[in-house]
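Fold and geometry: a report
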Amino acid sequence: MTRDFDIIEDIIASIYEGTYDIEPHDLYVINCCAELGAEAEIFTVLNPDKAVTYLMKRKVILYRIMACVAEEKERVELWKKLQLEFVEDKLIKLYQFYLNLLEDAKDL
């Protein structure tokens, strides 16, 4: 679980440093978020008794990352801000997916 969030955090750090060249169609970020969603979905199906706790932890980690991005994007140059907004958009979609999974898991 942590490895994929570390990758997202590394991408964000690279954007801050100006060393990550992200484009609006960056498949690496999109694929990373898709894998995080798929992992959560698989875990939820295979471990319904642990799903709520698992999803809550992931949601909190993701929220922390999103809060840092939201705060920092107001302090960076425009091109970095655009890159951060792209990543933030994908993280928001992943967060919403977690919320939907969490709602479904509570019904189990």
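Above this text you will find the structure in question.
Keep in mind the model is a prediction, meaning the values are calculated, not measured.

The rules we used
- Residues numbered from 1 in each chain as written.
- Predicted model: local features only at pLDDT ≥ 70, side-chain atom pairs only at ≥ 80, totals over all residues.
- Heavy atoms only, no water.
- Axes fitted to C-alpha atoms, helices over the stretch in contact; angles between N-to-C directions.
- Helix = DSSP H or I, 4+ residues; strand = E, 2+ residues; numbered from the N terminus.
- Parallel < 35°, antiparallel > 145°, perpendicular 65-115°, else oblique.
- Left-handed = near helix turned anticlockwise from the far one by under 90°.
- Contact = heavy atoms within 4.5 Å.
- Nonpolar A, V, L, I, M, F, W, Y, C, P; charged D, E, K, R; others polar.
- Phe/Tyr/Trp six-rings, centres within 6.5 Å; stacked < 30°, edge-to-face > 60°.
- Buried < 20%, exposed > 50% of the residue type's maximum accessible area, 1.4 Å probe, protein only.

What to know about the packing of helix α2 (residues 27–46) against helix α3 (residues 51–72)
Here α2 crosses α3 at 160°, and the two axes come no closer than 9 Å. When the axes of α2 and α3 are compared, the pair comes out roughly antiparallel. Here α2 and α3 pass one another in a crossing that is right-handed. For the pair α2 and α3, contact is made by L36, E39, A40, F43 and T44 and by A51, Y54, L55 and R58, respectively. Tallied by class, residues from the contact of α2 with α3 come to 6 nonpolar, 1 polar and 2 charged.

What to know about the packing of aromatic side chains
Taken as a whole and assessed by the stated rule, the structure comprises 2 aromatic pairs. Aromatic side chains F43 and Y54 sit 3.8 Å apart centroid to centroid with 20° between the ring planes, which places their arrangement in the stacked category. With F43 in helix α2 and Y54 in helix α3, this pair connects stretches of sequence that are 11 residues apart. Residue class for F43 comes out partly exposed when judged on its relative accessible area of 22%. Take Y54: its relative accessible area is 14%, and that puts it in the buried class. Where Y63 meets Y95, the ring centres are 6.2 Å apart and the plane angle is 45°; that geometry is what we call tilted. With Y63 in helix α3 and Y95 in helix α4 (residues 78–106), this pair connects stretches of sequence that are 32 residues apart.

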